[in-house]
Amino acid sequence: MRRLAIIALASVLLLPMESALAHQPVELKATDRTPAAGPLLVDGTISFAVNLSFSKSKQVRAFRAGFAEGDKLALQLLIYDEKPEKNLTKKKLPVLKVTSPSGESFTLPISERTPFYEPWGGRNYLYLGRTTRVAEEGIYEFEIRSRAPGRF
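**A closer look at the overall build of the chain**
Of the regular secondary structure elements, the chain holds zero helices and 14 strands. In the chain, the succession of helices and strands from N to C terminus is β-β-β-β-β-β-β-β-β-β-β-β-β-β. Looking at the chain as a whole, 47% of its 152 residues are labelled buried. A separation threshold of at least 6 residues defines the contact pool for the chain, and within that pool the share at least 24 residues apart is 74%.

Rendered as structure tokens:
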């Protein structure tokens, strides 16, 4: 079964869970304010690192990714384990909302600050939240909303 992991950190990663390979960078721009305006990652099971940054609160970056029925959607939210991001309070961390092809949506709960070392970039991150679900067939929408400036 194919899998998806999303990491909104200094990046949002889409990668197969069983794979330990590097990922393709995708830079979200200020113009990527809606899923339709953002990039479409045709196969959400391919390893992507979606990078984004915010200059103030209430900004949005968004993209879409396609899945087949039964793919695993493993969602992981991370940030840099560096200042200023690591010092953000829970109320200042970004909000990651996912909407399925059928219209069901959820927001990833922020429930941890677990260290994670990423060897390819040689950088330390903090996991903020994780969940795993079975994907529907179709295009998922991902929106990251800022509540403070930072690299996510």
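**Things to note about unusual backbone geometry**
Following Lys83, the chain continues to Pro84 via a peptide bond in cis, the omega torsion being 5°. Within the secondary structure, Pro84 sits in the loop between strand E8 (72-80) and strand E9 (95-99). Phi at Lys58 is positive, roughly 65°, even though this residue is not glycine. For Lys58, a relative accessible area of 72% puts it in the exposed group.

**Topic: the environment of Asp71**
In this fold, Asp71 is placed in the loop between strand E7 (60-67) and E8. When the C-alpha atoms of Asp71 and Val134 are compared, they prove to be 5.9 Å apart, with 63 residues separating the residues in sequence. From its side chain, Asp71 meets the backbone nitrogen of Ala68 in a polar contact 2.9 Å long.

**Looking at the sheet that holds E7**
Taken in spatial order, the five strands make up an open sheet running E4-E7-E13-E9-E10, and their pairing is mixed. Two strands in the sheet have a free side with no partner beyond their single neighbour: strand E4 (40-41) and strand E10 (105-107). Direction of pairing for E9 relative to E10: antiparallel, over a ladder of three bridges. Following the sheet pairing, Val98 is matched in E10 by Phe106.

**As for the pattern of salt bridges**
In total, this model carries five salt bridges according to the counting rule given. In this structure, Arg151 and Glu85 form a salt bridge, with 2.7 Å as the shortest nitrogen-oxygen distance. Separated by 66 residues along the polypeptide, Arg151 in strand E14 (residues 150-151) and Glu85 in the loop between E8 and E9 bring together distant segments of the chain. Its relative accessible area of 1% is what places Glu85 among the buried residues. In the salt-bridge network here, residues are joined through shared partners; they are Glu82, Glu85, Arg123 and Arg151.

Thresholds, definitions, all that
Residues numbered from 1 in each chain as written. Predicted model: local features only at pLDDT ≥ 70, side-chain atom pairs only at ≥ 80, totals over all residues. Heavy atoms only, no water. Helix = DSSP H or I, 4+ residues; strand = E, 2+ residues; numbered from the N terminus. Buried < 20%, exposed > 50% of the residue type's maximum accessible area, 1.4 Å probe, protein only. Contact = heavy atoms within 4.5 Å. Polar contact = N/O pair within 3.5 Å; in protein donor to acceptor, adjacent residues only side chain to side chain. Pairing = 2+ DSSP bridges. Salt bridge = Lys/Arg side-chain N within 4 Å of Asp/Glu carboxyl O.

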